[in-house]
Structure formats: C-alpha cells, structure tokens
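Structural overview
As a plain string of letters, each chain reads:
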Amino acid sequence: MELNIDEDILKAYGFTLNITTLQQVGSGHINRTYLLSTLQNNKQYILQNINVHVFKDPFAIANNIKAVADYLKANNPDYLFPAPIPTLDGHLMFAHNGDYWRLLPFVANTMAFDTLSDPKQAYEAAKQFGKLSRLLNNFDTEVLQPTIPGFHDLAWRYEQFTFALSQTSTELKLKASHEIETALRHHFIVDYYKSYEHRKDFPNRVMHHDTKISNVLLDETDYHGICVIDLDTLMPGKFISDLGDMMRTYLCAYAENEIDLAKIKIRLPYFKATVEGYLSEMADMLTPTEQELILFSGKYIVYMQALRFLTDYLNGSIYYPISYPTQNLDRAKNQLKLLNELFENEKILQDIIEECLA
Ligand code: GN1
Ligand code: MG
C-alpha cells in the first residue's frame with residue numbers, strides 16, 4: 001500500500017514528496033509505521049506516527065530515548081541503538097496538527113518475526129534484550145520517566161479488569177464467562193507479585209517492556225541478533241517484564257492471534273534457548289531474588305496480557321485494534337492457554353532454568 005502524507009512532515013526531515021514513497025509496515029498494535037524510501041540520498045528510513053491516545057506524553061518517550069542513547073554513545077559507542085533521527089531544526093519529533101512523528105534509521109538486511117522457527121532465533125533475540133539490560137545496568141533509572149504510568153503493574157491491571165467486569169454488558173460477560181472465571185481464579189499471581197515487589201534485591205532496571213519477538217531485528221541470512229527496536233516503553237521496571245514477554249512470544253510456534261488452542265504449546269528447546277540467550281548477558285547481574293523469579297516472569301507477563309485482552313474485550317475493544325468482534329476474547333483465550341502450559345510444564349521448565357544457572 002502506498003500512501004501520501006502531508007509534505008510538511010517530510011520537509012521537517014529534508015525530504016520532498018515527489019521523490020519519496022511510503023509503505024505501511026509492521027505488526028504493532030499501537031503506532032502507525034511506514035517504510036520511507038527516498039531518491040534524495042537513495043536511503044530508506046522508518047517513519048512513525050506515535051499514538052497519542054496511548055502515549056499521552058510523547059516527550060517522555062523522546063527524553064528517555066535521548067538520555068539512554070547519550071549514555072550508550074558515551075559508554076558503548078559501537079552498540080547499535082536505533083534512536084530517532086532529529087528534524088532539520090534538531091527536534092527529536094515533529095509535531096504536526098496534534099500528531100507526533102519521528103524518523104528512525106532503517107536497518108538493512110535484517111528481519112523481524114512474529115513467530116520463531118529455530119531455537120537459535122530465540123537465543124539471539126533473548127541475548128539482544130539481555131545485552132541492552134546489561135549495558136544499562138549502571139544507568140540511573142531515576143532519570144527516566146514512565147511513558148505509560150502503571151504499565152506493568154499487575155495489581156493495577158487486575159483492578160482494571162475487575163472494573164471492566166463491573167461495567168460491561170451482560171452479553172459480553174456471558175460470552176467471556178469461562179475466561180473471566182479463569183482470570184479470577186489466577187488472582188494468586190497478583191498476590192505473589194506483590195509479595196516480591198518491594199524486596200530489596202528486586203531492583204528497578206531500565207526495561208524495554210515490549211520484548212515481543214517482532215521487536216528485535218535478526219540478520220536475515222544467519223539470524224544473528226542485530227538490535228532491538230520499538231523503544232516507546234523504555235523506562236524503569238523489573239527484569240520480569242522483559243524476560244516474561246520473551247517467554248510469551250518465543251516459546252509457542254503460534255502467536256497471540258491464533259484461535260486453534262490445540263496449537264498453543266510450549267517448545268522446550270525454545271525455552272532453553274531463551275533462558276540461555278538472556279543469561280549469556282545477564283547471568284552476573286541477576287540477584288538471588290531475580291534468579292528465583294525466572295519462571296515466574298513468564299506467568300506474570302502471560303497472565304497480564306490475558307487480563308489486558310480480556311479487559312479490552314469487556315470494554316468494547318477500545319485499545320487493541322480488532323479485525324472481528326470477538327478477537328480480543330480469542331486473544332485472551334490464547335494467552336490463558338499459554339499460561340496453563342507454563343503451569344503444566346512447571347517442573348521441567350524449572351529444571352531447565354537450574355541447568356542454565358549452574
Ligand atoms: C502492544 O504496539 P505493540 O504491538 O508493540 C502493547 C504491548 C503488548 C502488545 C501485545 C503500548 O505492543 O504492551 O504486549 O501490544 N503496547 C502498548 O501484542 O500497550
Ligand atoms: Mg510496542
């Protein structure tokens with residue numbers, strides 16, 4: 001699909017419309033992303049429109065990325081961190097009629113995936129996110145602002161779910177009755193999270209907070225990790241956020257939109273590769289409490305994502321775009337099945353973790 005956008009946006013970056021083409025790309029739910037190809041310098045870029053309904057303070061994103069980019073540049077100048085390219089006037093975003101746009105480097109010869117077909121990909125992807133955490137281990141998290149307050153606060157997500165439940169229609173409640181019951185029954189995950197939240201050796205770290213597999217670029221020929229992308233939710237958080245979302249999206253051969261629940265299974269070699277890849281960077285940084293929570297990270301994120309899809313379904317699907325009415329309910333079913341898989345395989349998964357930590 002080729003699209004035209006207001007030339008002012010292109011001009012802010014020194015491009016003109018007649019020799020520039022745009023093509024919508026990516027599988028993200030929130031922002032609109034375009035591949036920009038221009039004859040001006042025969043280069044390609046990523047142009048992105050930030051969803052301001054979700055990110056109410058786009059400056060928080062821009063400032064966080066800038067602070068981290070400056071730090072990485074000073075400490076690890078060779079690390080590829082795809083920060084926005086400033087406008088001709090030196091701004092990190094271009095404000096236009098209430099919208100915010102940003103231009104990002106296009107990293108050639110790489111691929112992003114929605115599902116994985118080789119454990120090596122899981123290892124490489126997990127290593128990339130682990131590397132980012134390692135390089136930022138000494139970065140002062142206080143410098144960063146939350147770009148979405150409470151984003152991975154499981155107790156708050158649970159409250160949003162029960163609130164949606166109290167407000168929704170009888171019809172939606174009936175359609176989702178089984179999933180609602182399952183979600184309520186797993187409330188103990190919230191209690192478990194709360195019991196650890198304030199422990200001394202459960203530090204705040206700079207977390208990416210959206211480590212799903214489509215947010216890391218791998219070399220298109222040999223799958224070695226190149227860099228992580230989608231830095232909107234780079235902000236302080238707990239390590240379980242990043243490792244958990246890797247488990248959510250690397251372990252199963254089918255992604256969150258799959259409706260055949262029989263296909264939602266955990267692939268043990270991918271689990272091992274994910275933990276190994278992550279620990280290849282982070283093993284020396286993790287505290288005893290963090291090590292104890294490796295498997296919990298998967299339960300925490302998969303449960304939270306199930307709650308988020310279910311909450312959105314009960315709210316009338318106002319957050320996650322859908323292509324048919326019950327899609328968010330189906331996504332919740334998918335995530336609850338994955339959660340069940342984590343519990344069913346708990347013993348063997350924990351054994352793999354012990355083996356990787358040894
Ligand atoms: C959203 O936009 P995207 O696809 O990168 C969401 C994540 C969810 C993910 C589920 C800001 O990410 O938290 O894990 O969908 N991002 C936001 O696919 O809500
Ligand atoms: Mg994202």
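Going by the structure above, here's the rest.
Small disclaimer: the values here were computed from a predicted structure and weren't measured.

Attention now moves to the sheet that holds strand β8 (residues 216–219). If you trace the 3 strands from one edge of the open sheet to the other, you get β6-β8-β9, paired in antiparallel fashion. In this open sheet, the two edge strands, each paired with only one partner strand, are β6 (110–111) and β9 (225–228). As paired strands, β8 and β9 are joined by 3 bridges and run antiparallel to one another. Each bridged residue has a counterpart across the sheet, and for L217 the counterpart in β9 is C227. In this fold helix α3 (residues 119–135) packs onto β8 and β9, with an angle of close to 45° to the strand it touches most, β9.

With that settled, the discussion passes to the side chain of R308. Its location among the elements puts R308 in helix α11 (residues 294–314). At 7.1 Å, D210 is the nearest oppositely charged side chain to R308, a buried residue that forms no salt bridge. Side chain to side chain, R308 and Y320 meet in a polar contact 2.9 Å long. Setting aside residues up to four positions removed in sequence, R308 forms contacts with F151, R157, Y319 and Y320.

Among the secondary structure elements, F94 is positioned in strand β4 (residues 94–96). F94 gets classed as buried once you look at its relative accessible area, which sits at 19%. Placed 20 residues apart in sequence, F94 and A74 show a C-alpha to C-alpha distance of 26 Å.

Let us look at the coordination of the magnesium ion (ligand 2). Put simply, a metal with four donors set out as a tetrahedron has ideal angles of 109.5 degrees, and one with six donors set out as an octahedron has ideal angles of 90 or 180 degrees. The magnesium ion (ligand 2) binds to the protein through D210 (OD) and D230 (OD), with metal-donor distances spanning 1.9 to 2.1 Å. Linking D210 in the loop between β7 (205–207) and β8 with D230 in the loop between β9 and β10 (235–237), this pair joins segments that are 20 residues apart in sequence. Looking at D230, the relative accessible area reads 26%, which means it is partly exposed.

On to the site of ligand 1. As a matter of local geometry, ligand 1 sits amid 16 residues, with D210, K212, E256, R308 and Y319 nearest to it. A distance of 2.8 Å separates an oxygen atom of ligand 1 from a polar backbone atom of H29. Contacts to ligand 1 include D210, whose side-chain N or O atom sits 2.8 Å from an oxygen atom. Here ligand 1 has 450 Å² of accessible area as a free molecule, and 96% of this is covered by the chains.

Below, the discussion takes up the pairing of strand β5 (residues 99–105). Within β5, 5 of the 7 residues are buried, which leaves it mostly tucked inside the rest of the structure. Note: strand β3 (residues 43–50) against β5, 6 bridges, orientation antiparallel. Across the sheet, residue I50 finds its bridge partner in β5, namely Y100. Pairing analysis gives 3 bridges linking β4 to β5, with the strands arranged antiparallel. Opposite H96, over in β5, you have D99 as the bridge partner. Between β4 and β5, which pair antiparallel and follow one another directly, the connecting turn spans 2 residues, one of which, N97, has a positive phi of 50°.

Our next topic: the packing of aromatic side chains. For the structure on display, the rule yields 15 aromatic pairs. Considering the side-chain rings of F59 and Y100, the 5.6 Å spacing of their centres and the 80° angle between planes classify their relative orientation as edge-to-face. Of this pair, F59 sits in helix α2 (residues 58–75) while Y100 sits in strand β5, and the two are 41 residues apart along the sequence. Residue Y100 is classed as buried on the basis of its relative accessible area, which comes to 19%. The structure contains a cluster of three or more aromatic residues connected by ring pairs, namely Y192, Y193, Y196, F296 and Y300. K238 extends its terminal NZ or CZ atom over the ring of F202, reaching a point 4.9 Å from the ring centre. A cation sits over an aromatic face here: R267 above Y270, 3.5 Å from the ring centre.

Scoring rules and cut-offs
Residues numbered from 1 in each chain as written. Chains lettered and ligands numbered in written order. Predicted model: local features only at pLDDT ≥ 70, side-chain atom pairs only at ≥ 80, totals over all residues. Heavy atoms only, no water. Pairing = 2+ DSSP bridges. Helix = DSSP H or I, 4+ residues; strand = E, 2+ residues; numbered from the N terminus. Contact = heavy atoms within 4.5 Å. Axes fitted to C-alpha atoms, helices over the stretch in contact; angles between N-to-C directions. Buried < 20%, exposed > 50% of the residue type's maximum accessible area, 1.4 Å probe, protein only. Lys, Arg positive; Asp, Glu negative; His and termini not counted. Salt bridge = Lys/Arg side-chain N within 4 Å of Asp/Glu carboxyl O. Polar contact = N/O pair within 3.5 Å; in protein donor to acceptor, adjacent residues only side chain to side chain. Donors = N, O, S within 2.8 Å, 3.2 Å for Na, K, Ca; no water. Near = heavy atom within 4 Å. Areas by Shrake-Rupley, 256 points an atom, 1.4 Å probe, with all protein chains shown as cover. Phe/Tyr/Trp six-rings, centres within 6.5 Å; stacked < 30°, edge-to-face > 60°. Lys NZ or Arg CZ within 6 Å of the ring centre and 35° of its normal.

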